[in-house]
Amino acid sequence: MTAEFVSRFGEDPADRDAVRRLKSPIHDERQIRIAVIGAGASGLLLAYQIQKHFNNYMLTVYEKNPAVAGTWYENRYPGCACDVPSHNYTWSFEPKTDWSSVYPGRDEIFEYFEGFAKKYQLYRYIQLQHQVVGAYWNNSRAGYDLKIKDLVQDKIVEDRCDILINAGGVLNNWRWPDIPGLKGYKGTLLHAARWDESVELKGKRVGLIGNGSTGVQLLPFLQEICSNVTVFIRQPGWVSPVQGLQQHQFSEEERWKFATNPGALQTYRKTVENGLNGMFSVYLKGTKLSEETRQYILGQMREKLGDNKHLAEQLIPKFSFGCRRLTPGPGYLEALTKPNVRVSYGNIKAITERGCLVTEDDGNEHEHCVDMLVCATGFDTSFRPRFPIVSHTGVNLQDKWATKAESYLGVAAAGFPNYMCTLGPNSPIGNGPVLAAVEAQVEWICRMIDRYQTTNIKMFTPKEEAVRDFVEFKDQFMEKTVWTDDCHSWYKGPEGEVRALWPGSSLHYMECMKDLRLDDFSVTYAGNRFAWLGNGYSRTEVDDTADWSYYIRENDDDSPPLTTAEKRKMLSKSGTVKDRDMVKYT
């Protein structure tokens, strides 16, 4: 009977592994090959968690840059900083006691992630200056064949993996603005995401295109050092003063307290995080908090713009607060009122050899001549991969997501087996604390890898109908948010659909991602789907160091919760908080 049973299994590596399982205890951990694309924050966390929790694996993290940390390596423009308080722009389990300020510059943030990689010896997995240029499903091996460009040797190398994880990030592929005449400009042309630190700015006439978060951070620096600055703005935007936590340089005494006083830093971090998690109703139309915040920011903007009513009319939006990404912008509004700063409000019709030709709000065309043009115009945020990812049916994800990117809960794509991603479409990147959301995604991915490794799953992919249902739910939810207002935002797709944000809060997302929903997946097994049951033995029985009666206990109090609600209450320590300490940002 056993020979007849085994004869039904195939001959590829996955089927041979299923046969091997018949002689092993339940949940045998097969050897797996994992490839991660990108050694930014998400890629480093994946390497950390895989190293911590898994055995019997081969892991390679491919990074195109000569260093880790992703966007915090690449972005070096003056004023570049994070707009989240530093002590909360860390992994939840890896605090840093010696941040210099509440909003430090990119150098410190880069050092944090680089230090994380060194501390946990993650470089052993990382191939720097290796850019993945193609991933192609191999049906005979039930995995991906990878093509990687060695940027040092300028040659293509090959690899393969069972699991492919794209951690390349959403704000990674920078782009020039699509304005006629850009290549014909005779002055110095800079993009904020590829800043040339050798360029001399002092005494120059500079044009700044863009008033998103990067432009907001750049202007105060440019205003101080350049002879004059022309800021080109095509759409108004809410610039929120940093509330609750103003910019502040931590003293030596404060840093010493964080480092040596038990609980001091934890209390501070939780107070800030509570405030971040308490903001979600700002994004819902018609809520009291949303309206109060709008009125507060409106008053703050008018105050900082002073008597310049014309500038206020141009800059203060009609759309809801939060429709575009929130930008704290210390010093930005004040810089706009300085005598060496001029605001050109309107569409740039063309870029000439000398500067920008703009149809301004008076209806006339004006040419603004500048020595240097700085483009703070952002990134390709379409979620379309930069390289081909080809499925078992021959579909390229570049084509599937060319016009409308639709993911499964921000972590997977329907029809693409054994492929997962971080910060995919409709992830909570603007809903609350983003790094906490990345942790939730990485933990979910690890749970899926574990299910794959300890069973004879051959392929897993979200069902098309599951993704359709999720997108349908997301779209109806977004109707009650400010994100659907009439504003130009990278949160939206070409048809106005909100494709970058999660339909809920960050805490909502964390609860959603606590469990795998395999009923949403098409799962293909090698051989008999129960081959993972093995030879009838538990792994506990073959472990001489294990407690063979671990389930015998004094009482029922120490058993893990069985229901979703009880698990949540245990994790959130429900019932323990009486007076909540939180920073009020709104």
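The structure under discussion appears in the preceding block.
Each value, and the rule that gives it
- Residues numbered from 1 in each chain as written.
- Predicted model: local features only at pLDDT ≥ 70, side-chain atom pairs only at ≥ 80, totals over all residues.
- Heavy atoms only, no water.
- Disulfide = S-S within 2.5 Å.
- Buried < 20%, exposed > 50% of the residue type's maximum accessible area, 1.4 Å probe, protein only.
- Pairing = 2+ DSSP bridges.
- Helix = DSSP H or I, 4+ residues; strand = E, 2+ residues; numbered from the N terminus.
- Axes fitted to C-alpha atoms, helices over the stretch in contact; angles between N-to-C directions.
- Contact = heavy atoms within 4.5 Å.
- Parallel < 35°, antiparallel > 145°, perpendicular 65-115°, else oblique.
- Left-handed = near helix turned anticlockwise from the far one by under 90°.
- Nonpolar A, V, L, I, M, F, W, Y, C, P; charged D, E, K, R; others polar.
- Polar contact = N/O pair within 3.5 Å; in protein donor to acceptor, adjacent residues only side chain to side chain.
- Expected span 1.5 Å × (residues − 1).

A word on the state of the cysteines. Tallied over the entire structure, the rule returns one disulfide. Between C161, a cysteine without a disulfide, and C421, which holds the nearest cysteine sulfur, the sulfur-to-sulfur distance is 14 Å. Of the cysteine sulfurs around C356, a residue in no disulfide, the closest is that of C375, at 7.9 Å. Judged by its relative accessible area of 0%, C356 is buried.

By definition, the strands of a sheet pair up through backbone hydrogen bonds, in either a parallel or an antiparallel sense. Strands sit in the order β3-β2-β1-β7-β16 across an open sheet of five strands; the sheet is parallel. Each edge of the open sheet carries a strand with a single partner, namely β3 (126–128) and β16 (419–421). Between one strand axis and the next, the sheet turns through 20° on average, direction left out of account. In this sheet, β3 lies alongside strand β2 (residues 57–63) in parallel orientation, the contact comprising three bridges. In the sheet register, Y62 faces β3, and the bridge partner there is Q127. In the packing of helix α3 (residues 41–53) onto the sheet, the strands contacted are β1 (32–37), β2, β3 and β7 (163–166), and the crossing angle to β2 comes to about 170°.

Interaxial distance between α3 and helix α5 (residues 106–119) falls to 11 Å at its minimum, and their mutual angle equals 20°. Of the possible angle classes, the one that applies to α3 and α5 is roughly parallel. Between α3 and α5 lies a crossing whose hand is left-handed. Residues A41, L44, L45 and Y48 of α3 form the contact with α5, whose participating residues are F113, F116 and A117. Here the contact of α3 with α5 is composed, by residue class, of seven nonpolar, no polar and no charged.

An order of β8-β14-β9-β10-β11-β12-β13 is seen for the seven strands of this open sheet, with the pairing classed as mixed. What marks the edges here is a single partner per strand, and that holds for β8 (188–191) and β13 (365–369). Strand-to-strand twist in this sheet, taken as the mean axis angle between neighbours without regard to direction, amounts to 35°. In the sheet, strand β10 (residues 228–233) pairs with strand β11 (residues 341–351) via five bridges, with the strands oriented parallel.

Within the secondary structure layout, N340 lies in the loop between α11 (332–336) and β11. In this structure the side chain of N340 is engaged in a polar contact, spanning 3.3 Å, whose partner is the backbone oxygen of C226. Apart from residues no more than four positions distant in its own chain, N340 is found in contact with Q223, C226, S227, N228 and V229.

Looking now at helix α9 (residues 288–305). Its 18 residues give α9 an end-to-end C-alpha distance of 26 Å, which sits within 8% of 26 Å, the value for a rise of 1.5 Å per residue. Every buried residue of α9 is listed here: S290, T293, I297, L298, Q300, M301 and L305. Buried positions along α9 lie against α10 (309–315) and α11. Just downstream of α9 lies G306, where phi reads positive at about 65°.

Moving on, we come to helix α8 (residues 264–277). For α8, spanning 14 residues, the distance from its first C-alpha to its last is 20 Å, which sits close to the expected 20 Å at 1.5 Å a residue. Among the residues making up α8, those that are buried are A264, L265, Y268, R269, T271, V272, E273, G275 and L276. Structurally, α8 contributes buried residues whose contacts are with α7 (252–260) and α13 (434–453).

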